[in-house]
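Here is what each chain is made of, one letter per residue.
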Amino acid sequence: MNIQPVDFSGVYAANALQNLRNTAPLVHCLTNDVVQSFTANVLLAVGASPAMVVDPTEAAQFATIADALLVNVGTLTLPHADAIRAAVQAANRAGKPWVLDPVAVGGLTLRTEFCLELIKLRPAAIRGNASEILALSGMSASGRGVDSGDNALSALPAARLLAKQTGAIVAVTGDVDYVTEGERCLAVSGGDALMTRVVGTGCALSAVVAAFVALPGDRLENVAAACRVMSCAGELACQQTRGPGSFIPAFLDNLYLLDQEALA
Amino acid sequence: MNIQPVDFSGVYAANALQNLRNTAPLVHCLTNDVVQSFTANVLLAVGASPAMVVDPTEAAQFATIADALLVNVGTLTLPHADAIRAAVQAANRAGKPWVLDPVAVGGLTLRTEFCLELIKLRPAAIRGNASEILALSGMSASGRGVDSGDNALSALPAARLLAKQTGAIVAVTGDVDYVTEGERCLAVSGGDALMTRVVGTGCALSAVVAAFVALPGDRLENVAAACRVMSCAGELACQQTRGPGSFIPAFLDNLYLLDQEALA
Amino acid sequence: MNIQPVDFSGVYAANALQNLRNTAPLVHCLTNDVVQSFTANVLLAVGASPAMVVDPTEAAQFATIADALLVNVGTLTLPHADAIRAAVQAANRAGKPWVLDPVAVGGLTLRTEFCLELIKLRPAAIRGNASEILALSGMSASGRGVDSGDNALSALPAARLLAKQTGAIVAVTGDVDYVTEGERCLAVSGGDALMTRVVGTGCALSAVVAAFVALPGDRLENVAAACRVMSCAGELACQQTRGPGSFIPAFLDNLYLLDQEALA
């Protein structure tokens with residue numbers, strides 16, 4: 001029988017964020033074309049160092065220098081797949097953690113087959129919405145692109161299965177985020193529906209997960225801390241703004257200014 | 001003899017926008033590298049769902065799932081051209097409308113030949129500035145990149161000719177936008193010169209046109225509604241800001257908050 | 001013996017900016033995937049005209065039409081390298097100046113070899129941080145991606161050497177920017193540490209350098225003017241904002257509104 005989800009502690013998140021700011025992990029991002037700038041700005045605001053190095057041979061070189069690798073298949077092409085393979089293999093050889101964001105997996109053949117190949121290569125974490133986690137676990141697929149038609153809680157059994165299959169921490173995100181290693185599960189609240197009206201909030205969260213899995217400490221809690229940092233900054237930004245346009249600068253400012261008090 | 005342009009009705013625009021928000025059309029964007037994030041944020045703010053799927057085989061799969069397809073040749077390469085061809089053919093087979101933004105057509109060989117190939121494939125709409133519409137119709141070309149040296153009204157005969165040649169609704173945009181199906185022509189006012197100091201406002205308009213051509217009703221009026229929604233939000237944003245930087249968040253907020261009163 | 005750096009005159013910067021706004025140079029940008037939109041918006045805000053044309057044959061055509069070319073190797077791939085080679089050769093044949101931003105050169109093989117090839121092709125200017133200029137001159141390399149671990153002043157001997165080797169104006173940027181043609185050297189102050197928490201400020205500066213090298217007058221002073229315009233707008237924006245998110249729109253607004261008084 002599975003253990004019930006436990007509310008995640010804001011104190012842990014605050015300590016992990018302090019740790020991240022002290023060490024500024026270098027995150028190698030192989031992400032989609034749409035969110036590159038926003039992803040880099042989110043990582044910079046939170047205190048990490050982003051770098052996008054995309055040529056296959058350079059990606060393999062850089063994966064050994066970086067502290068963590070993000071793989072996002074949102075605008076996958078065959079050349080990108082080559083760079084991702086090379087970077088993941090190099091990261092694994094160098095003992096560097098890597099994170100998978102399986103954008104819109106399920107309905108489209110190339111990315112679905114590629115993600116099924118990638119999850120055999122020991123990702124440290126996988127972050128997706130409910131329909132993506134359902135599709136990747138083999139339990140279901142809704143497949144209307146990046147918008148999840150499913151509820152995060154409904155995908156928790158799939159997240160647990162996927163964690164057991166792959167050895168990864170799996171985060172299924174939505175109104176509440178659930179982070180699991182198979183048995184243990186943390187529930188992270190916060191955020192706001194307005195965040196779904198801004199492109200790249202989910203993709204940027206996966207990049208922040210990559211930054212946090214580079215930290216020492218309990219990896220399950222570190223992934224939950226990434227989710228909490230983003231949901232907390234998002235919630236604050238929504239209180240300060242009137243639409244998705246002003247949300248973006250406010251969100252980055254809040255990530256930059258986020259302190260222990262806000263997180264706890 | 002051609003019918004004189006008629007001022008477009010704000011009431012129709014308001015109803016079309018409500019219709020769009022109720023149905024949230026899924027817009028498949030094959031657009032240029034520079035404006036991907038802004039285009040996605042504009043579509044989300046207005047109430048549509050963007051998705052960028054760029055591998056040729058996936059693009060063909062996705063074109064049949066999406067409600068409309070946007071093709072923009074701003075940073076065309078040979079691999080992108082393959083993806084565009086595959087997506088357009090799949091959209092046509094599935095009966096889904098597609099929109100062409102012929103960025104900087106006229107002066108550069110690859111995109112000019114490709115756009116002349118594309119307009120034979122029955123686009124539902126074509127959106128460009130005066131020099132692009134002149135070049136595409138065969139009537140002229142100024143060719144200093146994306147900035148139009150010509151006036152929209154001066155390109156109206158070219159727009160009418162292009163509409164008759166292709167069967168598409170043609171929107172030639174500038175200080176005033178003119179939308180024509182060959183005979184009938186609607187004039188859409190609004191906007192502000194500051195919008196030309198922000199990259200991607202024209203490209204994003206073409207994506208919004210794709211969202212509106214997915215709606216039922218008169219296609220000529222739907223394309224005009226897309227132009228009016230953008231010019232209205234742009235005008236409001238310019239009144240609220242002091243430069244092109246603060247224009248961007250204000251524009252997205254206004255798109256998100258736009259109501260019947262503002263449009264009428 | 002080298003001449004000591006001289007403080008750059010704000011009056012020259014103001015005149016050069018006015019000249020740029022009057023002529024609106026068309027800048028052909030072959031830059032990295034992460035900063036395309038920000039780069040275009042910076043060029044538009046400052047008064048130049050950006051255009052991204054990336055296919056090798058079109059890039060060669062467009063390099064002869066544009067007033068200057070920017071080459072940035074941040075997300076270099078082999079196809080991008082082909083387009084860059086074609087554009088640089090065409091620009092040289094047409095007598096158009098081009099600028100190199102050697103992002104993260106030193107640690108990664110493909111871009112390092114490619115940049116060493118490029119600097120033989122007579123760039124008008126090279127803009128990099130200390131570690132990039134050290135690496136490119138052959139004097140050193142730190143190589144932790146885009147963040148420079150070195151101080152701009154410490155790289156001034158390398159900048160002078162590189163200027164003499166290549167014939168380019170070399171700008172090594174940091175807390176203070178140093179711009180040299182080998183002997184003469186101008187020091188440009190201003191800016192703020194917050195600018196390093198926003199992706200693309202350095203890359204956009206290189207694009208603005210390309211716009212300024214298209215102007216008549218002393219090229220050394222024109223490159224320094226580009227640095228001063230950016231550091232002045234950045235400083236003003238930092239005074240008006242509370243974090244990196246609100247910095248971005250404020251920075252673009254300040255570039256757009258910058259006047260003689262602020263620069264002097």
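Residues numbered from 1 in each chain as written. Chains lettered and ligands numbered in written order. Predicted model: local features only at pLDDT ≥ 70, side-chain atom pairs only at ≥ 80, totals over all residues. Heavy atoms only, no water.

Along the backbone of chain A there are 11 helices and nine strands. Burial analysis of chain A (264 residues in total) assigns 65% to the buried set. At a minimum sequence separation of 6, the contacts of chain A that also span at least 24 residues come to 71%. Taken together, the 16 basic and 23 acidic charged side chains of chain A have centroids lying 4 Å from each other. (Helix = DSSP H or I, 4+ residues; strand = E, 2+ residues; numbered from the N terminus. Buried < 20%, exposed > 50% of the residue type's maximum accessible area, 1.4 Å probe, protein only. Contact = heavy atoms within 4.5 Å. Lys, Arg positive; Asp, Glu negative; His and termini not counted. Charge placed at Lys NZ, Arg CZ, Asp CG, Glu CD.)

The extent of an interface is frequently quoted as the accessible surface area lost upon association of the parts. The interface of chain C with chain B comprises 27 residues on the first partner and 27 residues on the second. Both faces combined, the contact of chain C with chain B buries some 2,300 Å², and carbon together with sulfur accounts for 54% of it. Taken together, the connections running from chain C to chain B amount to two salt bridges. Between C:Asp253 and B:Arg242 there is a salt bridge, and its shortest N-O distance comes to 4.0 Å. Here chain C is connected to chain B by eight residue pairs in polar contact (both at pLDDT 80 or more). Listed by contribution, the elements that provide at least two residues to the side of chain C that touches chain B are α2 (36-46), β3 (49-51), α3 (56-65) and α10 (244-257) of chain C. In terms of residue class, the side of chain C that touches chain B is built from 15 nonpolar, eight polar and four charged. (Buried area = accessible area lost by both parts, 1.4 Å probe. Salt bridge = Lys/Arg side-chain N within 4 Å of Asp/Glu carboxyl O. Polar contact = N/O pair within 3.5 Å; in protein donor to acceptor, adjacent residues only side chain to side chain. Nonpolar A, V, L, I, M, F, W, Y, C, P; charged D, E, K, R; others polar.)

Time to look at the UniProt feature "binding site: substrate" (unreviewed entry) in chain A. UniProt feature "binding site: substrate" (unreviewed entry): in the numbering of this structure it lies at A:Met52 and A:Gly200. Locating A:Met52 in the fold gives a position in the loop between β3 (49-51) and α3 (56-65). On the accessibility criterion, A:Met52 (8% relative accessible area) is buried. Apart from residues no more than four positions distant in its own chain, A:Met52 is found in contact with A:Cys29, A:Gln36, A:Thr39, A:Ala40, C:Val34, C:Gly74 and C:Thr75. Along the chain, A:Gly200 falls in the loop between β9 (185-188) and α8 (201-213). (UniProt positions renumbered as here; feature names shortened; annotations may be inferred.)

Moving on, we get to unusual backbone geometry. Residues and elements named next belong to chain C. Phi is positive for Ala24, which is not a glycine, with a value near 45°. Checked against the element boundaries, Ala24 lands in the loop between α1 (10-23) and β2 (26-30). We note that Ala104 has phi near 60°; this positive angle belongs to a residue other than glycine. Mapped onto the elements of the fold, Ala104 is located in the loop between β5 (98-101) and α5 (109-118).

Taken together, the contact between chain C and chain A spans 27 residues of the former and 27 residues of the latter. In this assembly, chain C packs against chain A so that about 2,300 Å² is buried in total across both faces, 55% of it on carbon and sulfur atoms. One can count two salt bridges joining chain C with chain A. For the pair chain C and chain A, the number of links is eight residue pairs in polar contact (both at pLDDT 80 or more). Mapped by element, the contributors of at least two residues to the side of chain C that touches chain A are α5 and α10 of chain C.

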